[in-house]
Amino acid sequence: MKVLFAVSECGPFAKSGGLADVAGSLPKELKSLGTDVRVILPKYGTIADQYKKKMKKIKEFTVDVGWRKQYCGIEELIHQGITYYFVDNEYYFKREGLYGYFDDGERFAFFSRAVLETLKELDYFPNILHCHDWHTAMIPYLLRADYYRRTGYGSIRTIFTIHNLQFQGIFPREVLKDLLGLDESYFHPGHLEFFGNVNFMKGALVAADKITIVSPTYKQEIQTPEFGEKLDGLLRARNEDLVGILNGIDDDFYDPSKDPFIFQNYSIHNIGKKAANKREIQKQFGLKQSASTPLMVMISRLTRQKGIDLIKCVFREILQEDIQLIFLGAGDYEYEEYLRQAARIYPEKLRVYTGFNEELAHKLYAAADLFLMPSLFEPCGLGQLIAMKYGAIPIVRETGGLNDTVKSWNEFTKEGNGFSFKHFNAHDMLYTIRRALSFYHNKKTWGLIVKQAMEKDYSWAQSAFYYNQLYSEVIARSETHVF
Ligand code: ADP
């Protein structure tokens, strides 16, 4: 079984969030099940030199982007047994960041066609093209609208995974012809038209053979107007092709017993050693070095999705508790600035690091007692999984994957691996934080919660098995999904 992952970010090469974690770890697990998985992604300017140096140019050709003919180089790198193809075009991808540019529509229209052209150029036609989020959503669509009839392409089946429905890639009508090279007949509510614009994500939801969603709860949620981002009707119409498969995490990369980034390695068997990580972080951040003060961290993109508004509402009340708080995050200027100012007001208890820092993230997971993730919505969420693996107890809102992975502590049955609240309400969150703190000083109880959090299996093993099953099922179909 040959599977090609097309993604816009992939660890360890380029990362802005959880998608890179998934693309960086799921292929390895699938490979261990015997699947031939390769990955194709843009060759960003930000990729570390250590990787760039090892890439080998294997093809050069041009790609049509509407009326333009753009250069496309394919560079190959084999890393940890997986073949990666990097799509090289410095005009589109040699920039400071991954996304957020005025021409993202053009960049990923180029990337989508480049991926499809690469198959012919390399004479490599996978059984499954597995695409992820809006940046690669036009690939299944272009395959069905155009490439399907060409030699080699007819038997390819497509899987599209929704990691976040909020980002859809919506552009003006003109992009249809100007960037995608498609005629006006595709500007139709049953196809790419979306409230007068063109919606890339919709292309995949219309064209892909199967659509996977990164948690069973999010799969249900996105079929409602509340979470459906105006695509809930289409998702309900494709209900039979929706599959919820929970994300896992890379067991090797996120392992406190051998993590090279953290101050002191530890495991469930010598959990006492975790304390050294807290002590060092307190020192590094200039906080009082107190073993008994609970340290709560948040490591997150700073956007509305992540529930920062709840924190803003009750920040003073949280900081009145005997607690230390560290934020590591990057995102909307408004939230970054708010947190920076708050750090000036509460120098005794609060520290804020704005920016993206993988190494610091690991150090904080290892140091933390509590991990705050009060999301408005959360397709799967990896932060809480990593936190639990490091014995940092998550406090989450019961939405999406948070609902599927965190079981709130029940003092009567002694079950649970975290704390949760149902409604997107600041005082419910505050109550839950206080509830968690009320158990923190009871060593026996806290030890049990930490044990239950650390012992759970967050690896890809089970989910990779489900993906493999789905691939086989889709390949076995004689007909592709007809739109
Ligand atoms: P999302 O994909 O919505 O951003 P996830 O919880 O699925 O959220 O994944 C977030 C990933 O990005 C985790 O690996 C988390 O540790 C990491 N991360 C988020 N913000 C930062 C940051 N500022 N610095 C380092 N790592 C971060």
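Residues numbered from 1 in each chain as written. Predicted model: local features only at pLDDT ≥ 70, side-chain atom pairs only at ≥ 80, totals over all residues. Heavy atoms only, no water.

Of regular secondary structure, the chain possesses 18 helices and 18 strands. For the chain, the C-alpha radius of gyration of 23 Å lies close to 23 Å, the compact-globule estimate for 483 residues. In terms of overall dimensions, the chain has a C-alpha envelope of 65 × 45 × 40 Å along the principal axes. Restricting to contacts in the chain with at least 6 residues of sequence separation, those with at least 24 account for 71%. For the chain, the exposed surface amounts to about 19400 Å²; the carbon and sulfur share of it is 50%. With 60 positive and 60 negative side-chain charges, the chain shows a separation of 3 Å between the mean positions of the two kinds. (Helix = DSSP H or I, 4+ residues; strand = E, 2+ residues; numbered from the N terminus. Rg over C-alpha atoms; globule rule 2.2 N^0.38 Å. Contact = heavy atoms within 4.5 Å. Areas by Shrake-Rupley, 256 points an atom, 1.4 Å probe, with all protein chains shown as cover. Lys, Arg positive; Asp, Glu negative; His and termini not counted. Charge placed at Lys NZ, Arg CZ, Asp CG, Glu CD.)

Here we come to a nonpolar patch on the surface. A contiguous nonpolar surface patch, about 280 Å² in accessible area, is contributed by Leu33, Phe465 and Tyr466. Here Phe465 lies in helix α18 (residues 461-476). The exposure class assigned to Phe465 is partly exposed, which follows from its relative accessible area of 42%. (Patch = residues over 30% accessible without salt bridge, like charges linked within 9 Å, V, L, I, M, F, W, Y side chains within 5 Å. Salt bridge = Lys/Arg side-chain N within 4 Å of Asp/Glu carboxyl O. Buried < 20%, exposed > 50% of the residue type's maximum accessible area, 1.4 Å probe, protein only.)

Moving on, we come to the site of the ligand. Neighbouring the ligand are 24 residues; Gly18, Asp21, Arg301, Gly355 and Tyr365 lie closest to it. Within the backbone of Gly383, one N or O atom sits 3.1 Å away from an oxygen atom of the ligand. Considered on its own, the ligand offers 560 Å² of accessible surface; in the complex 93% of this is hidden by protein. Counting only elements with at least two residues in the shell around the ligand, the list comes to α1 (18-32), β13 (295-302), β14 (324-331), α13 (358-367) and α14 (383-389). Here the residues of the shell around the ligand are counted per class, giving ten nonpolar, eight polar and six charged. Per-domain counts for the shell around the ligand show at least three residues from each of domain 1 (2-248 + 462-475) and domain 2 (268-458). (Near = heavy atom within 4 Å. Polar contact = N/O pair within 3.5 Å; in protein donor to acceptor, adjacent residues only side chain to side chain. Nonpolar A, V, L, I, M, F, W, Y, C, P; charged D, E, K, R; others polar. Domains from an automatic or database assignment.)

What follows is about the domain arrangement of the chain. In many analyses, interface size is given as the accessible surface area lost on bringing the parts together. Looking at the assigned domains, one finds that the chain contains domain 1 (2-248 + 462-475) and domain 2 (268-458). Taken over C-alpha atoms, the centre of domain 1 sits 33 Å from the centre of domain 2. Contact with domain 1, which involves 19 residues of that partner, is made by 18 residues of domain 2. Around 1400 Å² of area is buried between domain 1 and domain 2 when both sides are counted, 60% of it from carbon and sulfur atoms. Counting the contacts that link domain 1 with domain 2 gives one salt bridge. (Buried area = accessible area lost by both parts, 1.4 Å probe.)

For the structure on display, the rule yields 33 salt bridges. As a salt-bridge pair, Asp146 and Arg113 come within 3.2 Å of each other at their nearest N and O atoms. One end of the pair, Asp146, is in the loop between α5 (138-145) and β7 (157-162); the other, Arg113, is in helix α4 (residues 104-122), with 33 residues separating them in the sequence. With relative accessibility at 7%, the residue Arg113 sits in the buried group. If you follow the salt bridges from partner to partner, you end up with Arg113, Glu117, Lys120, Asp146 and Arg150 in one network.

Here the focus is the UniProt feature "binding site: ADP-alpha-D-glucose" (unreviewed entry) in the chain. Taking the numbering used here, the UniProt-annotated feature "binding site: ADP-alpha-D-glucose" (unreviewed entry) corresponds to Lys15. Relative to the elements of secondary structure, Lys15 occurs in the loop between β1 (2-6) and α1. Excluding anything up to four places from it in sequence, Lys15 contacts Glu9, Ala20, Asp21, Leu98, Tyr254, Phe356 and Glu358. One polar contact links Lys15 to Asp21, side chain to side chain, over a distance of 3.1 Å. (UniProt positions renumbered as here; feature names shortened; annotations may be inferred.)

The subject of this paragraph is helix α12 (residues 333-345). Over its 13 residues, α12 extends 18 Å from the first C-alpha to the last, a length consistent with the 18 Å expected when each residue adds 1.5 Å. Within the sequence span of α12, burial applies to Tyr335, Glu336, Leu339, Ala342 and Ala343. The buried residues of α12 all sit within an arc of 130 degrees when viewed along its axis, so they share a single face. Of the exposed residues in α12, those oriented more than 90 degrees away from the buried face are Tyr333, Arg344 and Ile345. Those residues of α12 hidden inside the fold are in contact with β13, α11 (308-320), β14 and β15 (350-354). (Expected span 1.5 Å × (residues − 1). Arc of directions from axis to C-beta.)

This next bit is on helix α17 (residues 443-455). In a regular helix each residue adds 1.5 Å, so 13 residues correspond to 18 Å; α17 covers 18 Å between its end C-alpha atoms and thus fits that length. Within α17, burial applies to Thr445, Trp446, Ile449, Val450, Ala453 and Met454. Down the axis of α17, the buried side of the element spans an arc of 165 degrees, and every buried residue falls inside it. Looking at the buried residues of α17, the elements they touch are β16 (370-373), α14, β17 (393-397), β18 (419-421) and α16 (426-440).

What follows covers the packing of helix α10 (residues 274-284) against α13. Axis separation between α10 and α13 bottoms out at 7 Å; the angle between their running directions is 125 degrees. By the angle between their directions, the pair α10 and α13 is classed as oblique. Along this stretch, α10 crosses α13, giving a crossing that reads as left-handed. Facing Lys274, Asn277, Lys278, Ile281 and Gln284 of α10, the residues of α13 in contact are Leu360, Lys363, Leu364, Tyr365, Ala366 and Ala367. (Axes fitted to C-alpha atoms, helices over the stretch in contact; angles between N-to-C directions. Parallel < 35°, antiparallel > 145°, perpendicular 65-115°, else oblique. Left-handed = near helix turned anticlockwise from the far one by under 90°.)

Bringing the packing of aromatic side chains into the picture now. Inspection of the entire model under this criterion finds 36 aromatic pairs. Relative to Tyr51, the ring of Phe13 lies with its centre 4.9 Å away and its plane at 80 degrees, an arrangement referred to as edge-to-face. Within this pair, whereas Phe13 is found in the loop between β1 and α1, its partner Tyr51 is found in helix α2 (residues 49-52), the two being separated by 38 residues in sequence. Across the pair, exposure class does not vary: Phe13 and Tyr51 are buried alike. (Phe/Tyr/Trp six-rings, centres within 6.5 Å; stacked < 30°, edge-to-face > 60°.)

Moving on to the packing of α11 against α12. Closest axis-to-axis distance for the α11/α12 pair is 11 Å, and the angle between their directions is 30 degrees. Classed by the angle they form, the pair α11 and α12 counts as roughly parallel. Both α11 and α12 take part in a crossing whose hand is left-handed. Where α11 approaches α12, its residues Ile308, Asp309, Lys312 and Phe315 are matched on the opposing element by Glu334, Tyr335, Tyr338, Leu339 and Ala342. A per-class count over the contact of α11 with α12 returns six nonpolar, no polar and three charged.

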